Amino acid sequence: MAISISVTIDENGKPQISGGETQPIKSVRESKGKSSILFPDDYVVVDIETTGLSPQYDEIIEIAAIKYNSGEKADVFSTLVKPEYKIDEYITELTGITNEMVATAPKIADCIAEFKEFIGNEIIVGYNVNFDVNFLYDNLMECCDEKLSNDFVDVMRIAKRVLPELSHHRQKDIAEFFGISIDGAHRAEADCLMCNECLENLK
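Description of the structure in this document.

The rules we used
- Throughout, a residue's number is its position along its own chain's written sequence, starting from 1.
- For a predicted model such as this one, the threshold for reporting local features is a pLDDT of at least 70, and the threshold for listing and counting side-chain atom pairs is 80 or more; totals across whole chains, interfaces and linings nevertheless cover every residue.
- Side-chain numbers come from the whole structure's heavy atoms, not from hydrogens or water.
- Criterion used throughout: strands pair if DSSP finds at least two bridges between them.
- Secondary structure elements are taken from DSSP: a helix is a run of H or I of four residues or more, a strand is a run of E of two residues or more, and numbering for both begins at the N terminus.
- Throughout, a residue-residue contact means that at least one pair of heavy atoms, one from each residue, lies within 4.5 Å.
- To get an axis, a line is fitted to the C-alpha atoms, and for a helix only the part in contact is used. The angle between two axes follows their N-to-C directions and goes from 0 to 180 degrees.
- By definition, a salt bridge exists where a carboxyl oxygen of Asp or Glu is found within 4 Å of a side-chain nitrogen of Lys or Arg.
- Categorising residues by exposure relies on relative accessible area from a 1.4 Å probe, with only protein chains included: less than 20% of the type maximum marks a residue as buried, more than 50% marks it as exposed, and the intermediate range marks it as partly exposed.
- A 3.5 Å cut-off defines polar contacts: any pair of N or O atoms within that distance qualifies, except that in protein one atom must be a possible hydrogen donor and the other a possible acceptor, and neighbouring residues in sequence count only when both atoms are side-chain atoms.
- In these notes, a set of buried Ala, Val, Leu, Ile, Met, Phe, Trp, Tyr and Cys residues joined through side-chain atoms within 4.5 Å is what counts as a nonpolar core.

**Quick look at the sheet that holds strand β7 (residues 124-126)**
Spatially, the 6 strands line up as an open sheet ordered β3-β8-β7-β4-β5-β6, and their pairing is mixed. The open sheet is flanked by β3 (35-36) and β6 (72-80), the only strands paired with a single partner. Bridge analysis of strand β4 (residues 43-50) against strand β5 (residues 60-69) gives 8 bridges, and the strand direction is antiparallel. Residue pairing in the sheet places E49 in a bridge with E62 of β5. The sheet strands contacting helix α3 (residues 112-119) are β4, β5, β6 and β7, and the helix crosses β5 at an angle near 15 degrees. Contacting β3, β7 and β8 (152-154), helix α5 (residues 155-162) runs over the sheet at an angle of about 45 degrees to β8.

**Regarding the pattern of salt bridges**
Applying the stated criterion across every chain yields a total of 5 salt bridges. E84 is the salt-bridge partner of K107, the closest N and O atoms lying 3.9 Å from each other. Here E84 lies in the loop between β6 and α1 (89-95) and K107 lies in the loop between α2 (99-102) and α3, a separation of 23 residues in the sequence. Taking the shortest distance from any N to any O, the salt bridge between D173 and R170 comes out at 2.8 Å. Residue classification places R170 among the partly exposed residues on the basis of a relative accessible area of 45%.

**A word on the pairing of β5**
Among the 10 residues in β5, 9 count as buried, and that is most of the element. Alignment of β5 against β6, held across 8 bridges, turns out to be antiparallel. Counted as the bridge partner of E62 is L80 from β6.

**Overview of the side chain of H169**
Position of H169 among the secondary structure elements: in the loop between α5 and α6 (171-178). Overall, the relative accessible area of 14% leaves H169 in the buried class. A distance of 2.7 Å separates a polar side-chain atom of H169 from the backbone oxygen of L163. Those residues within four positions of H169 in sequence are excluded, and the remaining contacts are Y127, M156, A159, K160, L163, P164 and I174.

**Digging into the nonpolar core**
Ranked by size, the top nonpolar core spans 24 residues in total, and within it V45, V125, Y127, V155 and I174 carry the most contacts. Elements with a contribution of two residues or more to this core: β4, β5, α5, α6 and α7 (188-202). No other element matches the 7 residues that α7 contributes to this core. Those residues within four positions of V155 in sequence are excluded, and the remaining contacts are V125, G126, Y127, C195, C198, L199 and L202. Residues I112, I124, V129 and L140 belong to the second largest nonpolar core, which totals 23 residues.

Here it is in structure tokens:
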């Protein structure tokens, strides 16, 4: 079977791949942490905002991490990140993050090591967290030649097991089910707080 691949450059100068029989390119992430279903006592909730869905072509524009010890909030890491390419209108509408907001923010190479130092070897918790882990793994490797090997807990996986009767298991669906505020959704720190409340209610 012939495979036709077309590579074009969008208005931001970013490569876009298309083709009728193409599949997403999968990266091999050696020593990446393992996904577990558990309720840890000590952990760090992580969330990122990005310019798109592909770690290969899109960029991180915000990182937040909240550390919990014995279930109590202990410390916070939060930063906007200046991307190489402009944030498009759709992402700004979704996240509220504008090009003006990130103009003076650090680039990913200037903050990813600080993020890794903050989380240490803690278990990472997040919502659909494999997405976040893949972006962070790839950027940490590119910028610091260091692997993100922390094990992680996906709250969405827990929600699907605990609440199978729900038709959708997006974070906002779980939050609304438990009466948790969704104010500030799609900003990284607010999403971390929402995720932790979902985790506590599911527990």
